[in-house]
Amino acid sequence: MKILVVDDEGIVLDSCRRILASEGLEVIMAGSVDEALKILEQHPRPLPLLLMDVKMPVHDGMYLMQQIKEKGLEIKMIVMSGYPTDETIARAAKLGAATFIAKPFTPEELLEKVLSVARKGDSHE
Amino acid sequence: MLYSVRSKLIASLLGVALLVGSVSLFTGVHLLKTHVIDEATNRVRLDLNTALEMYQARIKNMRTALSITTLGSGFMDALANRNQSDLVYRLGRMAHHAELDFAGIVTGDGQVLCRIGPHAMMSAAAVDNPIWKLALERKAPVDGTVVLTREMLVAEDPELAERARIPLRARAESTQAAGDDEISGLALAAGIPVFKDNAVLGVLYGGKLLNRDDTLVDTVRDTVFLGETYKGHNIGTATIFLNDLRIATNVLTPDGKRAIGTRVSTEVGNTVLTKGQPWTGRAFVVSDWYIAAYTPLEDIFGRRVGMLYVGVVEEKYSNIQSQALTVFILITAAGMLLAVGFGFLLANLIMGPVHRLIKASRQVSEGSLHPDIGPIQKGEFGRLQKTFAEMVEAMGRRRAASESKIIQSEKQASVGRLAAGVAHEINNPLTGVLTYTHMLLRRKDIDAEMRNDLETIAAATERVRKIVKGLLDFSRQTKLDPEPTDVNRLIGGTVALLENQALVKGVAIKFIEGEKLPLVILDRSQMQSVLMNLIINALDATQPGGSIKIYSASGLSGNGASQKGVEITVADTGSGIHPEDMDKLFDPFFTTKAVGQGTGLGLSVSQGIVQRHGGHIRVQSELGKGTRFFVWLPIEKQAGSYEDTRG
């Protein structure tokens with residue numbers, strides 16, 4: 001299963017890649033929202049999973065979710081943030097995020113969230 | 001200025017002074033008028049009596065003088081012998097002592113034997129004098145007032161006739177012509193018959209002509225009024241009238257002469273002469289107003305032949321009145337002046353502290369917390385001052401408190417901002433540290449010592465993570481802005497905002513207010529969001545024709561602690577919640593609505609807000625029948641009750 005991870009921090013991207021890859025997920029990484037949008041556009045098959053940061057320079061995670069919603073892409077979104085507030089969580093939920101995870105996290109915590117979202121999709125389909 | 005306390009006070013005092021002044025003025029003047037004039041009238045009436053007494057006394061004196069003469073030694077012999085020269089000598093002496101104008105002796109058969117004056121020895125008596133004639137007729141002494149015709153006077157003494165003639169003057173207030181001169185005379189006279197052997201030997205008579213004789217009236221004036229003067233004139237006057245004509249008077253004409261020859265007013269003449277009654281009152285005499293009294297004079301035959309008058313100048317009394325009036329007016333004016341002065345003083349006394357307080361209030365509004373309220377006075381004003389001082393002190397305390405609160409919240413806010421920044425920056429590398437540590441720990445090829453070190457790193461990182469989370473939680477607290485709130489008002493306002501929406505959907509919405517609810521300290525706008533969210537959810541779940549009821553009531557927390565609080569219930573008759581969804585209800589990512597359809601903040605956010613207020617949300621639901629959300633809030637927030645349930 002493919003998962004697109006978007007974060008402006010290389011260390012976070014690498015952390016996620018290592019954790020998710022250890023469970024056999026195919027991780028595609030994007031350092032910015034624009035890069036992520038390009039990947040989503042160019043990818044031949046729709047990507048099933050997206051893990052993204054909220055606060056990023058130029059465009060933030062909310063913008064990315066809005067674009068995905070506007071384009072009508074069927075993708076399960078997980079939002080992560082180092083500064084989770086009620087407002088951020090509520091907005092993410094409104095924009096269709098499947099779940100939320102606060103940074104920092106242990107590999108187990110991330111895997112549990114991502115896998116539960118992925119499984120949900122599987123049972124649904 | 002016109003409505004200031006000072007002008008009101010002055011106006012009131014002035015009003016009182018004016019009222020009291022004018023009342024005393026009117027009553028005083030009225031009393032004075034009646035009393036003074038009455039007193040003067042009474043006095044004049046008494047004075048007239050005295051004058052009449054003096055008039056009578058004059059007659060008695062005359063009679064006494066005549067009687068003594070008849071009893072003198074040798075008089076009888078001289079009369080019997082008709083010794084004219086002796087008798088004339090005796091008459092002359094008597095006339096001199098008794099101040100008689102005429103005197104004579106008549107024989108028993110009515111022949112004039114002798115008399116004083118130029119016709120002393122003339123025996124032929126052309127005219128009878130009524131005084132001796134009556135004495136002869138009555139064979140008894142006679143005295144009194146007599147009217148003598150010109151012929152009688154000429155017979156006595158032509159000079160007397162000349163003195164008696166009084167040219168008539170026109171009355172000041174009358175248009176009547178002066179008329180003929182008065183030529184008769186009014187006289188005081190007495191006649192004493194002298195008897196020998198029961199037969200009248202003769203009659204001794206004598207008298208005094210009153211015409212132009214000032215002695216009597218002046219004596220009356222000087223005796224009765226003691227020569228009292230007013231503005232250079234005697235205030236008292238006396239007059240003898242022959243009929244209505246002044247023949248002897250000390251009433252003066254405007255040119256300063258005695259007003260002889262003028263007549264009395266018709267009114268007085270009618271009363272006194274025609275009706276024979278005394279007259280007292282205010283009268284215009286010659287040229288001035290007098291308080292006057294008149295009494296008729298009768299002659300020896302009982303006929304009214306003249307009048308006696310006394311009077312005082314009215315001006316003196318009216319002057320007393322006007323003086324009193326002036327004094328009263330002055331007193332009133334002084335009273336008013338005093339009122340103004342007192343008003344000012346009183347206003348200053350009253351308003352001084354008020355102005356000081358106004359100044360003090362201004363000082364307070366300009367920021368001073370130690371205004372000068374002046375020395376604390378006694379009474380109500382002192383209470384006001386004390387209350388004011390207390391108020392300022394309380395304001396000071398509150399300001400200090402709110403200042404420290406502001407400083408506190410600013411501190412919190414800046415710490416919050418710092419925490420947010422730090423958290424965001426730290427959490428990214430921390431993610432790396434945690435991940436790599438755990439990834440390394442998964443490897444089997446590490447020795448025990450390294451594993452131990454890596455576990456230490458993981459544990460230390462967990463600690464850092466907790467510290468950062470604590471910082472973030474702390475920064476979130478600052479977002480509450482709690483204040484004492486009337487829950488019913490808050491709910492009422494929220495329901496009013498959503499009534500239209502309910503109406504459009506055809507759902508009845510009703511708020512049942514709980515009574516006597518205590519104030520709850522809460523963040524109004526956040527709590528309103530919570531209520532709005534609950535009601536909107538209820539609206540979405542309820543079909544047209546259904547209803548939503550909102551209740552408020554006092555209630556205990558119910559989870560063992562039994563803390564006092566207020567419970568708000570939002571009950572709908574909607575579709576209800578599946579039992580398996582009940583525990584996911586407060587998950588921020590749980591929704592039964594289509595993606596993007598949810599409005600407002602989610603239930604999780606509402607729960608977060610309620611929990612941060614120290615309260616909690618409960619749900620009861622029955623599928624197909626409806627749902628009830630209970631929001632419980634404590635009356636008093638407990639320290640450290642803020643919780644964050646998010647992971």
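This write-up is about the structure you can find in this document. (Residues numbered from 1 in each chain as written. Chains lettered and ligands numbered in written order. Predicted model: local features only at pLDDT ≥ 70, side-chain atom pairs only at ≥ 80, totals over all residues.)

Turning next to the interface of chain A and chain B. Every contact between the two is made by 27 residues of chain A and, on the other side, 26 residues of chain B. Of all the elements in the fold, those that place two or more residues in the side of chain A that touches chain B are helix 1 (10–22), helix 4 (86–94) and strand 5 (99–102) of chain A. (Contact = placed C-beta atoms within 7 Å. Helix = DSSP H or I, 4+ residues; strand = E, 2+ residues; numbered from the N terminus.)

Residues and elements named next belong to chain B. Two elements in contact, helix 1 (residues 5–71) and helix 7 (residues 215–224), have axes whose closest approach is 10 Å; the angle formed by their N-to-C orientations is 135°. As the angle between them shows, helix 1 and helix 7 are arranged oblique. Here helix 1 runs over helix 7; the crossing is right-handed. The residues of helix 7 that touch helix 1, namely those facing Asp-47, Thr-50, Ala-51, Met-54, Tyr-55 and Arg-58, are Leu-216, Thr-219, Val-220, Thr-223 and Val-224. (Axes fitted to C-alpha atoms, helices over the stretch in contact; angles between N-to-C directions. Parallel < 35°, antiparallel > 145°, perpendicular 65-115°, else oblique. Left-handed = near helix turned anticlockwise from the far one by under 90°.)

All names here are of chain A. Between helix 2 (residues 33–42) and helix 3 (residues 61–71), the shortest axis-to-axis distance is 10 Å and the interhelical angle comes to 25°. Overall, the two elements helix 2 and helix 3 adopt an arrangement that is roughly parallel. Here helix 2 runs over helix 3; the crossing is right-handed. Residues Val-33, Ala-36 and Leu-37 of helix 2 form the contact with helix 3, whose participating residues are Tyr-63, Leu-64 and Gln-67. Partitioned by chemical class, the residues of the contact of helix 2 with helix 3 number 5 nonpolar, 1 polar and no charged. (Nonpolar A, V, L, I, M, F, W, Y, C, P; charged D, E, K, R; others polar.)

Attention now moves to the pairing of strand 5 (residues 199–209) of chain B. Residue and element names in this part refer to chain B. Of all the 11 residues making up strand 5, 8 are buried; the element is thus mostly covered by neighbouring parts of the structure. Two elements, strand 1 (residues 102–107) and strand 5, share 6 bridges in a ladder whose sense is antiparallel. Paired with Ile-105 across the two strands is Leu-204, which belongs to strand 5. For strand 4 (residues 185–196) and strand 5, the ladder comprises 10 bridges, and the chain directions are antiparallel. Looking at the pairing, Ala-187 lines up with Leu-209 of strand 5. If you look at the hairpin formed by strand 4 and strand 5, you'll find 2 residues sitting between the two strands, and Asp-197 has a positive phi there, around 55°. (Buried ≥ 20, exposed ≤ 12 C-beta atoms within 10 Å, placed from the backbone. Pairing = 2+ DSSP bridges.)

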